[in-house]
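What follows is the residue order along each chain.
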Amino acid sequence: MLKQIEGSHGVSEAVALCRPEVICAYPITPQTHIVEDLGALVKSGKLENCEYINVESEFAALSVGIGSSAAGARTYTATASQGMLFMAEAVYNASGLGLPIVMTVGNRSIGAPINIWNDQSDSMSMRDAGWIQLFVEDNQQAVDIHIQAFKIAEALSLPVMVCMDGFILTHAIEGIDVPDQKQVDKFLPSFTPRQILDPENPISIGAMVGPEAFTEVRYLAHQKQKEALKLIPKINEEFKQIFGRDSGGLISTFNVEDADTVIVTLGSVIGTIQEALDEQDENIGALTIRSFRPFPLEAIRSALKNVKRVVVFEKCFAVGIGGIVANNVRMALSGTNIEVYEVIGGLGGRPITRKSLHKLFKDAVKDNLETVTFLDLKKDVVERELKREKELLQSGSVAENVLRDVGVVNAAKTT
Amino acid sequence: MSHQQVKFYQTGTLTVGNRLLDAAQRTVQATIDRSNSLDSGHRACQGCGEALGARYAIDTAMRETNNKVIAANATGCLEVFTTPYPETSWTLPWIHSLFGNAPAIGTGIAAAMKVKGREDVRVIAQGGDGGTTDIGFGCLSGMFERNDDVLYICYDNQGYMNTGVQRSSATPGGARTATTMPVGPEPGAEFDKGKNVPLIAMAHEIPYVATASIDRLHDLEAKVKKAMSVRGARYLQIFVPCPLGWGSAPAQTVNLARLAVESGIWPLFEGEYGEITSVTNIRKQVPVEEYLKPQRRFAHVVKNPKQLSAVQAIADRNIRKFSLLEEQE
């Protein structure tokens, strides 16, 4: 049934339909509405057989989740931004222990400078932590992918992050078809853990492994992610059979077959890009990556094999080198002559405008792009700060100086 | 105290043979059907106090719960010496996750047991003093504050022994550690630093808090028994000498634990809901020097009158604060 609801609310309903047994909640913008809604569902009795725990930090949120998952309970939590970094040690631990926890990430930037708005730096900081990372385009997909996430996690005994753009999705109200309980129960069986803490059958979990076996254990973690490359599309098919909706599997493509140029991206920005593409005449296709981990090398290579150039548009970057997604895409295209451009945009919530995209598309088809482009970068402001640093030893806070120069605050510009 | 106290002063020692007690009052360790939860074959150092403390505490908890205990362990000596895969000394279900999250792991397991209707299964989280009073402190306080149904046991050997004897917030003033060397005008760890986690636990007004020492088995087992008889957050800090970190002879482990209690250095007490409900009395206070002398970490302290009197003052204060001295009959 279609409902006009906030993305976060849709996610909380989807999670509740999956019958989680333990939910750990810690507030951090912009995922907070999800755990708030779940709290109300548990407290009102609408979500039964579920322990809702208000913890004291994100580190505790995921740690409590590790304990409950290891003891056989279907476990859910949500986080974002600084919270993701605060729980980093537990993020690696959960995947190392093979615990099928599902966690929503309301994608947000990472400080300093502190910034609450959307980009994807938080999920990217944990891209090598051994979790499956699924990025969603819209709130319908957010709902659908959460339901699939539990199934994928439990089938592989691996944790899954469902990454949804903060505010753009978490706080957007749109029509969402929230499935009914019967359908979800048919799709998602109850959780049977691969190993469990049980007094009747005592085992030791989480002990040390030395150099004699560590490589093999890590290799198998890698292998398991490769298995997920097959499983994610399979579960998407099963989902389609029951719910009648296609979440796209590993990647989704739009007009890539006869385009010379393809924009590659992930998350909600694909909607913006598609709209902007529809408004212009260049023959440009688009590809969005649903599964960032495991990274679908083959699927991307095969989808892009006939194109001349790829523009990877991403809301994150690795300081000191450039695009993160772009480098992964380059690996998928290695050995080909396809040119890969990196465009970094939308950092810390900066709007990605139609005007800028149209210019970008024009430049791209003419190969008029540098390897790395920062979309809408205010070069004069940057130059000014660089000059200031050169001239003054105690030049002050970069963040403050830039903000003054940009002139959004009613303050005198610094010298 | 809930257990039968036997005074056996004639021998000049406080050790009491089990055979003098009613069968029901004998220690779990003395029974043939003890669970051996921490079984033989582990890699602890000779004379390890932590191995004794863990064995005493967990065996008692196992008896009190009909062998239905799940344990969560912080990173540290206890985790390392009991496990490296594929071996394990634990005969109960046991999990190690991280250094600083054992209380939260305990919370998660307890939540899972509750939701599955398995509240007969009880949860113990445990770690050393570093894992408890320092890096795990946030999670510990959170677990207390929510009154989660977890018994947390801190095996306190007063430092980071697993990483090579560094100072923790449980390291006493004057002690030599690798990060508080006995050099300069104030050798060893600084005085008037550190935290008293049993009292901090009491400030959370949780159902039960106790301190124990491996030298008195009856007292320790009675406290674990009491802890397992109540629900909610419980905290037990057990004093466990470390021959490696303290520079003491392995054979002195139990004796040092006894001297710590009898000098007033390690007060034994119980508290419920924020109030102290009992203390374990000392018959005769032993000068702290007797406790300090067998430990190389205090070698400079016993030669330094200022530091020695500072340690003595701490012991005297404990005696006053907890009214530890037994009324002379």
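Everything here concerns the structure above.
Calculation criteria
- Every residue gets a number counted from 1 within its own chain, in the order that chain's sequence is written.
- Each chain takes a letter, starting from A, and each ligand takes a number, starting from 1, following the order in which they are written.
- Where totals are concerned, whole chains, interfaces and linings use all residues; where local detail is concerned, this predicted model gives features only for residues with pLDDT of at least 70, and gives and counts side-chain atom pairs only at 80 or more.
- Here, a strand pair is defined by DSSP locating no fewer than two bridges between the strands.
- Secondary structure elements are taken from DSSP: a helix is a run of H or I of four residues or more, a strand is a run of E of two residues or more, and numbering for both begins at the N terminus.
- Note on geometry: axes are C-alpha line fits, over the in-contact stretch for helices, and angles between N-to-C directions span 0 to 180 degrees.
- Remark: residues whose backbone-derived C-beta atoms lie within 7 Å of one another are considered to be in contact.
- With C-beta atoms placed from the backbone, a residue counts as buried when 20 or more other C-beta atoms lie within 10 Å of its own, as exposed when 12 or fewer do, and as partly exposed for counts between those limits.

1. Side note on the sheet that holds strand 11 (residues 261-265) of chain A
Within a sheet, neighbouring strands are paired by backbone hydrogen bonds and run either parallel or antiparallel to one another. All names here are of chain A. Here we have six strands laid out as an open sheet, ordered 10-12-11-14-15-16, and mixed in their pairing. Across the chains shown, the open sheet's two edge strands, defined by having one partner strand only, are strand 10 (251-254) and strand 16 (372-374). For this sheet, the mean inter-axis angle between neighbouring strands, taken without regard to orientation, is 20°. Here strand 15 (residues 339-344) pairs with strand 16 via three bridges, running parallel. Counterpart to Ile344 in the pairing with strand 16 is Phe374. Packed on one face of the sheet, helix 10 (residues 269-278) meets strand 10, strand 11, strand 12 (284-289) and strand 14 (309-314) and runs near 175° to strand 12. Against the sheet, helix 12 (residues 324-332) touches strand 11, strand 14 and strand 15, its axis set at about 150° to strand 14.

2. Looking at the pairing of strand 4 (residues 150-156) of chain B
All names here are of chain B. Of all seven residues that make up strand 4, seven are buried, and the element is covered over most of its length. Residues Val150, Tyr152, Cys154 and Asp156 line one face of strand 4 and the alternating positions Leu151, Ile153 and Tyr155 line the opposite face, and both faces are buried. Relative to strand 4, strand 3 (residues 122-128) runs parallel, the two being bridged by six bridges. Bridged to Gly127 within strand 4 is Cys154. Pairing analysis gives six bridges linking strand 4 to strand 6 (residues 234-239), with the strands arranged parallel. Residue pairing in the sheet places Leu151 in a bridge with Arg234 of strand 6.

3. A look at the pairing of strand 5 (residues 208-213) of chain B
Residues and elements named next belong to chain B. A large share of strand 5 lies buried, amounting to six of its six residues. Burial of the side chains of strand 5 extends over both faces: Tyr208, Ala210 and Ala212 are buried on one face and Val209, Thr211 and Ser213 on the other. Pairing of strand 5 with strand 6, which is carried by six bridges, proceeds in the parallel orientation. By the bridge assignment for strand 6, Ala212 is matched with Ile238. Here strand 5 runs beside strand 7 (residues 269-272); their pairing, made up of two bridges, is antiparallel.

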